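Report on the structure
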Amino acid sequence: MEFAPKSGFKGLVENWQSDLIAAVSVSLIALPLSLGIALAAGAPAMAGILSAIVGGVVTTLYRGGHVSVNGPAKGVIAVILLGIALMDDGSGQAFNYVLAAVVVSGAIQTLLGILKLGRLADIFHSSVIHGILAAIGIIIFAKQIHVALGTHSESPSIIQNLVDAVLFLPQANPFVVFISLTGLLLLLFHSKISFRIFHFFPAPIWVITLSIPFVYAFNFFEEQTLDFFGKAYAVGPSLLLDIPDNFMDSIMHPNFAKINTFEFWSIVLSILIITSIESLAIAKAVDKIDPYKRKTDLNKDLTGIGLSTMAAGFVGGLPIIAVIIRSTVNIHNGAKTKWSNLYQALLLLILIVVLSPIMRQVPLCAFAILLVYTGFKLASPAVFKQVYNQGPEQLIFFVFTMVVTLYTNLLVGLLAGLTLVMITHMLLAKVPIAQFFKMIYSSGSQLEEKPENTYDLNIKGIANFLGILQIDKLVKKIPSGAHVNIDLSETRLVGMTYMDYLVDYLKMQKDSGGNVVIKGLDSHVSYSTYNRALKISLNNTLPKLSPRQIRLQNLADQKDYAFHHQVDWNTTYLKKFHFFEIRPIERKSNRLSGTFNETEISWEIFDVTFNEGEAFSAETFNTTLMVLKLKKEIPHFTMEKEGVFEKIFDRVMALTGYKDVDFEMYPDFSKKFLITGKNEAEIRSFFSEERIRFFESRQIFHIESNGEAIMLFDKIKLARTDETIAFIEYGKALAKLLT
């Protein structure tokens, strides 16, 4: 691992070029998204820009993170919408009242950070939080789909908004729909378009840019009606973005007149909970993809975000959080220090001042389709499937929280979801209520120090989300780099959120040079094969292998391979491969290993689980891959099928110095594969005619070298037994070729 960049002003001087280059891409994404988020929240469009600028300037000066980007995010849309509706007294001050709630929530958030209560976010059950975010996605979709269609629903009910979207479809404005549909196609297929120019700018920029010619074609600048199949539809300036000519005219101030009302404080708490949970979760997600493995000071970050939120509220901005899309782009483009956050804010200010005449020519439906797409992703069928795979009970928690939130508000949804989880845990544990809470808060869990910097952590009783702060006190007594044995054999129930906490700690400790072993779950059962699923203890229960694991064990016995079905949380070595540098790895399991006798090259095949995408809405993938440990150095390179631009195989390597290497003498090979790497001469030398013919004649999707080993996989799925055998044969032939 490279040395971490210097911090503070030394880091500014040392890395200003790389940070500035990364900030350019981030600002281009922040411009349309910030405007769109504000519009979706029912706020003035410039409120999103003000929030992004304040988030970049103020948060940079006091923060606990390193390369995360701060600004408005989709999570606050539903809260702002609700606040404007609840506090609208006809005075025209509804948004000003909301700004006051933003200021107060920021002040409380700052206080929580000062009191070092950043870990409070860990007690909220993950399925409940996913349910709230899915509800937010549905709210965004329900509101913005009408803008994208050119229709309007008067109902305050989110469900009725969705129904109206279907009922009013015959009334949709075809000229608006045409622009929206074009934008949607760009979002769906941007990553698959092979023209390189389309990859110079992010998809949102293309959606906004390519909508402007339609505005001229349909002449939205004048109030008029246009005929479409004999029916007249109104178009005009009301369909365009409206922002002030003077930037200073965008500034608004909070009105605290509602501070003594229940509605005001319900919005304050809703903003506080959503922004705190999402910011802390995203901070941990960004840490996972930081190439320098730096850790965010969660309490300091909470304080910095609170201060920024207060500042934003005072000038008319939305609440501020750490935003995962912009943070990921920041890292992908080589940002090294916190100053990239400041640069993107200043660049955004320049862009909005310079481009404001152009931005006033952008149709509202172009921003709406960006939010419709985002809202769908938060509550897509894939999200439901992902939650179900974690256990059917998790799907119940998820759906219940989502439905309650849609029919009430975020705060009620959160409390209702947590209550259902707690009641379910009580029923599954089969203990009286008083004993249930005693087994959480007085369980007798203990930490014992052993020789040679080793600690035994024995967890007892009910290990669920309510007990995370209790165990956190014990964990903080363990020094970084220590070896820790976590024993769960005396637990009655282990919740999924609790397992999330333990695995996060395991990874943090491994990154500091320590080692963590989680054991004692052999007598526990769950409703899911997901390794972090809710587990209940059943005495004298032996672990059972799945049918697939039994087949792999039989294969190992027949061929004299080693087989270990247990989960291995230590995935550090995989981070040496470029593919996994920016993709958080959860775990590996079902490991087959051996040595090819002819070449003496050792190999292993295993299932790996990793994440792709945004923090809470990240997709989880399972695949079977092979690693060949070579006995000599070879060039660093990646090779994948040319023309395949699924998001799981992005072109991020081109942004980090990797170049596409073509072999003119072998056009079929160059047409079939995309080969990238930093040292073109070494790569050309490595790919001899014999090796080119070998790869040309076989069907492997992704091959990558880290200089001392080769990683390869075929498809993003778990391999069948016959596919595993074919994998081994392929690896054997490749090993022979390389020696």
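Residues numbered from 1 in each chain as written. Predicted model: local features only at pLDDT ≥ 70, side-chain atom pairs only at ≥ 80, totals over all residues. Heavy atoms only, no water.

**Comments concerning empty space enclosed by the protein**
Summed over all chains, the structure comprises 5 cavities of 30 Å³ or more. Its volume calculated, the second largest cavity comes out at about 50 Å³. Forming the walls of the second largest cavity are Arg548, Leu552, Asn590, Leu592, Ile605, Phe606, Asp607, Thr624 and Thr724. Residue assignment for the lining of the second largest cavity shows that the elements contributing at least two residues are α20 (547-559), β12 (585-596) and β13 (601-612). Ranked by residues supplied to the lining of the second largest cavity, first place goes to β13 with 3 residues. Here the lining of the second largest cavity is built from residues that sort into 4 nonpolar, 3 polar and 2 charged. (1 Å grid on protein atoms, 1.4 Å probe; cavity = no way out; pocket = protein on both sides within 12 Å on 5 of 7 lines; lining within 4 Å. Points joined across faces, edges and corners; volume = space filled by probe spheres on them. Helix = DSSP H or I, 4+ residues; strand = E, 2+ residues; numbered from the N terminus. Nonpolar A, V, L, I, M, F, W, Y, C, P; charged D, E, K, R; others polar.)

**A closer look at the environment of leucine 302**
Topologically, leucine 302 is positioned in helix α10 (residues 298-315). In this structure the C-alpha to C-alpha distance between leucine 302 and alanine 283, which are 19 residues apart in sequence, comes to 9.9 Å. Residue contacts for leucine 302: discarding those within four places in its chain leaves Gln109, Leu112, Gly113, Gly118, Ser276 and Leu280. (Contact = heavy atoms within 4.5 Å.)

**Some thoughts on the packing of aromatic side chains**
Under the counting rule described, the total for this entry stands at 30 aromatic pairs. Plain terms: the ring middles of phenylalanine 580 and phenylalanine 610 are 5.5 Å apart, the flat faces sit at 80 degrees to each other, and that makes the pair edge-to-face. Of the two residues, phenylalanine 580 is situated in helix α21 (residues 578-581) and phenylalanine 610 in strand β13; the sequence distance between them amounts to 30 residues. Each member of the pair, phenylalanine 580 together with phenylalanine 610, is buried. Among the aromatic residues, those joined into a cluster by ring pairs are Phe637, Phe663, Phe669, Phe673, Phe686, Phe687, Phe694, Phe695 and Tyr730. It is lysine 338 that lies over the ring of tryptophan 339; its NZ or CZ is 5.1 Å from the centre. (Phe/Tyr/Trp six-rings, centres within 6.5 Å; stacked < 30°, edge-to-face > 60°. Buried < 20%, exposed > 50% of the residue type's maximum accessible area, 1.4 Å probe, protein only. Lys NZ or Arg CZ within 6 Å of the ring centre and 35° of its normal.)

**A short note on the environment of asparagine 70**
For asparagine 70, the location among the structural elements is in strand β1 (residues 69-71). Residue asparagine 70 is classed as buried on the basis of its relative accessible area of 1%. Beyond its immediate chain neighbours, meaning those up to four positions away, asparagine 70 contacts Ala52, Gly55, Gly56, Thr59, Arg63, Ile305, Ile320, Ile321, Ala322, Val323, Asn341 and Gln344. Polar contacts involving the side chain of asparagine 70 include one to the side chain of arginine 63, which spans 3.2 Å. (Polar contact = N/O pair within 3.5 Å; in protein donor to acceptor, adjacent residues only side chain to side chain.)

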